[in-house]
Structures are given as structure tokens and as C-alpha cells.
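This is what each chain is made of:
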Amino acid sequence: MSEPVITRFAPSPTGFLHIGGVRTALFNWLYARKHGGQFRLRIEDTDRARSTEAAIDAILEGLRWMQLDWDDEPVFQHSRASRHIEVAERLLAEGKAYRCYCTPEELAQMREQARAEGRPPGYDGRWRDRDPASAPAGIDPVIRFKAPRQGETVIEDQVQGKVTFANAALDDLVLLRSDGTPTYMLSVVVDDHDMGITHVIRGDDHLTNAARQAQIYAALGWQPPVFAHIPLIHGPDGAKLSKRHGALGIEAYRDMGYLPEALRNYLVRLGWSHGDQEIFSTEEMIELFDLPGINKAAARFDFKKLEALNGHYIRHAEDRALIGHLQALLPHLPDAPQLTQAQWQLLEKAMPGLKERAKTLVELWHSAAFLFAKRPLEMTPKAAKWLDEAGRAALAGVAVALRELQDWTLENIETAIRNYAEQADLKLGKVAQPLRAALTGTTVSPSIFDVLHVLGREESLARIADQLAPPQQPQG
RNA sequence: GCCCCCUUCGUCUAUCGGUUAGGACGCCAGGUUUUCAACCUGGAAAGAGGAGUUCGAUUCUCCUAGGGGGUGCCA
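The structure displayed is predicted, hence computed values, not measured ones.

### Describing the protein's contact with RNA strand B
(1) Moving on: In the region of RNA strand B, 65 residues are neighbours, and R177, G271, K296, R436 and S445 sit closest.
(2) Moving on: A share of 64% is what sugar and phosphate atoms reach among the atoms of RNA strand B within 4 Å of the protein.
(3) Moving on: Between a base nitrogen of RNA strand B and a side-chain N or O atom of D276, the distance comes to 2.6 Å.
(4) Moving on: A distance of 3.4 Å separates a sugar or linking oxygen of RNA strand B from a polar backbone atom of E356.
(5) Moving on: Mapped by element, the contributors of at least two residues to the surface near RNA strand B are α4 (104–116), β5 (142–145), β7 (161–166), α6 (207–220), β12 (299–300), α10 (303–316), α17 (428–440) and α18 (448–455).

What follows is the structure in C-alpha cells.
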């Protein structure tokens, strides 16, 4: 019987939930779900000054939107401070930690000197074995961890492989600040242990931390978790993610019209692969995801590929589901109108034709604008060109045929138009484009038969009539 | 400066010593077509450089270069 897998996502609420964090959460979620384990959430808010309520909300909301559900209540790290302090004091009592009275100035000088001499930087351990009686008055000490000075610390990382650190390069880190609050390095170890975390999957910016944490685990006599440090995500230019490209909050991706399932698919393939497979349903991801498939190199964020994937997911989505997504999205779009019940129904009716052509929900929404346009329609310049003399003649001719239709069905509409084109000796395009212009005000739309069908007899004929009415004043 | 990690088409990646180095996005050309997409066919496009190990290296080792991360009383 193997122990149940428990993973966690542990963001610090000092900013928004960015794309790299989402991927880390996704990997942890996938791994837990794959093994029938738990995926826990821990808010690392030990830095009280920089943590905000808004950031916490954004993180939770972002994970919900991505449909990465977590088990149990989130743990707020700062609420566990007394336990962290208790562990630090235990280390102190066991002689595995000590009080250090260095001032910030002293520390800065120490670093500077080490650098100047080409030595590894860091605290030199000057209070490690000093008599506490020599403590200067008026200084609140920090508690430092007595890190091993000889030998090496080895991390058997599931992604990076065996990584070895010389202990001499790892200094005595601070466990408790001079104000008595615990630091991150102590808190993670204690919380991961207490929460029973078995696998720590996180960004490789934590790789060095893993070594320090391993030392703390050892000092405490605790079993460290399995580590898997995944490579970071870079911007399209290979540099660190900045606001200009990927480092947007996850809600920005929602507002750009991406589907959570598309984002999940894109993100899982960024740094992880399963042969040549590109498309993964959530079930497949859970089944196939594994640590050995994770790449070691950093990946660049590519909007084009995300967009292609998003288009795929939109095309394959249910019409109802897309309506739901749009209803959720509209309030976040600038000057988006409130649709009536009837308009939503119209939109759903048009969805099969619309979803084939959109890469994002925003695009989908814009391409649906003709449905709700007010008569008489405004023509784009290109559309107006199709309503020249010849175009209007074709339009007038086909209008007659359409008016005669008994049943306004897709089949009847198509037959009527094809018949008219044939009888008038016109290529279908010569009829379709003027129709498209009259009905949508543009030159791009779903199939013209669809457009007529979706718009309905009355509205269609009225829009056509609008363009036929002013005989001498072509608009645009 | 010091420590750690990384390096296959423009991008994401496959390959786990022997392949015409494969796929996907993007790009180009063609097809299909009522527009635009979608779709189909074809094309250009890669092992950072240098030493080894080996009958044979993209694959293993080392060096160099380049990139990234860390180096806090941040997380």
C-alpha cells in the first residue's frame, strides 16, 4: 500500500495569479488527480505587509475559472505562525539553531566583502558558536538555522535529476525574524510536513531553496517530500515574463476570450509532452500526465499556438456552452450591451456558423454583431462596393425568388439562391456577396444561407429592401 | 562575483547510440469554396561551438559560449 499523494499549490498573495503559477497549479492538480490523491491550497502570506485580500481573491477566482478544484479549505500560512515558532524553538533547544545579533548594516558589509574576495556570499556564521552572554544590548536577535558546513546536500529531483550543493555554499538562514515572525523557509517546511504533502511540484526558481529545506527536514528528523522543479515560462522574446506579454493575471486571458480548457491544454504542453500528442481532454491529461515527461528547459509563451488551440476548442464546443461562456465574458468587455432573452436565442441559433470562424470568444462576439445591428445597416467600404449597379441588380433578382419562398428553411433558401444564380447566369459569388453586404454590412460572415436562415424571413427581406430602396444613392 | 539549471526547425516538442531527425503552431505554395475561417496536399525550416568515449553520436563525458534561476530578517 503506497501512501496517498498529496500535492499543493502555494502562491503568495502579493500580486495576481500569473500564467506560470497557473501552470504550476495545473501540474500539481493533475498529479494529485491522477493518483487519486489530494490537491491542497496554501496561501503563503507570512509577509503580512505585502499580502492583500484582493490578491487572495484573484488567486481563488482564477483557479476556479480554470476549474482546478482544491481539496479541503485553503491553509493561510500566517495563521500557523505559532506552530512555526514552536518548531524554531525546538531547533534552538536542540542546539540546531542559534540567536544572531547582527545588524542589517553588518550583514550588508559581510556580503560586500565576500563578493570582493570572490567567496560565496552569505552570512558567515559569526554568532553560531558565540557565547550568548556577549549579546549586545538593545538588539532583537533573529534565530538562524545551524546549517551543516561540511559535505553536500543532494536533491533527487524528479525533473532536474540529481542536483548536488556544497554545504559550504549554503549559509545559516534566518528561521525567525527579529520581530519573532517565521520566515518562508521555515514555514514551508513545517506546513508541508504538517499537511502531509508528499510531492512538491513548483517552479525551478525554488531549486536552491529545496537544498536548504532538505537540511531543515534533516535537522527535524522529518521525511522530505518528493521534489519536482519545473522550468519557468518565458515571454516570447525569451526574457522574463513582463507585463507586455505573458505576465498578465489569469483574468486577462479570460477577458481576451480564451477558454479554460484551451488554456489548460496549452499550458500542459508547455514543458510537458506525451509523444506527438497535441490535444488532450482533461481526462486524458489526468491519465497521461507524469513527472518524467516534464522537460528541463524553460519554454516561451506563444500566443499564436494558444490561439490555434483555442479555436479548436471553440469549434468543438457545444453551442450552449459557448453561450454560457459569452454570458460570463460580456460583463468584462468594454461597452458590451446587455442582450435580451430573444437576442441570446438568436445568438445560439447562429452559433454553429459563428463558432467555426472564431479563435477567441471576443472574436466570436464581434462576428456576431450583424445579428443585432439596427436597420438600415451601415456598410463597410468593401461591402458598399458589392452593392454597385450589378450587385443591386442581382440582389433585386434574388429578392424576388426569396420572397416567393413558402417555408424559410435552410434547404429552400439555398435552392432558391442557386436556382436564381443559374437562371441569371451568374456565379454564385456574384449573388452571395451582394446578399452578404446587404444582410451583414460586411464582406465576411458565416455561410450566406445560414445568415438568411438565422435572421429569419422578415428581417432578411427588410435588410435587402433597405439596400434596394434608395436607387440613386449607394452608401459608403 | 559565487552556486545551481538549461541549450533539437522562428516557437512548443518527439527521439531514450544506428531515423531521409518526426509532429504541432506560425510561414510559403496549391486544392476545396458564396466571403472568411475550417479542411486537404505540398514546401522552406533544427541538433550552439569545440574536444573526447564509441565501429557509430542529437543522444554519454568534459570544456567554451549563450540563456535562465538563486544568492534577503521576500515568497
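### A closer look at α10
(1) Moving on: Taking 1.5 Å per residue as the helical rise, α10 with its 14 residues ought to reach 20 Å, and the 20 Å between its terminal C-alpha atoms agrees with that figure.
(2) Moving on: Turning to α10, its buried residues are L306, L309, N310, G311, Y313 and I314.
(3) Moving on: Against the buried residues of α10 lie α7 (250–255), α8 (260–268), α11 (319–329), α12 (341–355) and α13 (361–367).
(4) Moving on: Two or three places before K304, at the start of α10, stands the capping residue D302, its side-chain oxygen 3.1 Å from that residue's backbone nitrogen.

### Some remarks on the sheet that holds β5
(1) Moving on: Strand order in this open sheet of three strands is β4-β5-β8, and the pairing throughout is antiparallel. Unpaired on one side and paired on the other, β4 (97–100) and β8 (174–176) mark the two borders of the sheet. On average, adjacent strands in this sheet sit at an angle of 45 degrees to one another, irrespective of strand direction.
(2) Moving on: On top of the sheet, helix α3 (residues 81–93) reaches β4, β5 and β8; it is set at about 100 degrees to β4, its chief contact.

### What about the environment of G249?
(1) Moving on: Residue placement: G249 occurs in the loop between β11 (233–234) and α7.
(2) Moving on: Classification of G249 by relative accessible area gives buried; the value is 4%.
(3) Moving on: For the pair G249 and G21, spaced 228 residues apart in the sequence, the C-alpha separation amounts to 9.7 Å.
(4) Moving on: Discounting chain neighbours no more than four positions away, the residues touching G249 are F16 and L17.

What counts as what
Residues numbered from 1 in each chain as written. Chains lettered and ligands numbered in written order. Predicted model: local features only at pLDDT ≥ 70, side-chain atom pairs only at ≥ 80, totals over all residues. Heavy atoms only, no water. Near = heavy atom within 4 Å. Polar contact = N/O pair within 3.5 Å; in protein donor to acceptor, adjacent residues only side chain to side chain. Helix = DSSP H or I, 4+ residues; strand = E, 2+ residues; numbered from the N terminus. Expected span 1.5 Å × (residues − 1). Buried < 20%, exposed > 50% of the residue type's maximum accessible area, 1.4 Å probe, protein only. Contact = heavy atoms within 4.5 Å. Pairing = 2+ DSSP bridges. Axes fitted to C-alpha atoms, helices over the stretch in contact; angles between N-to-C directions.

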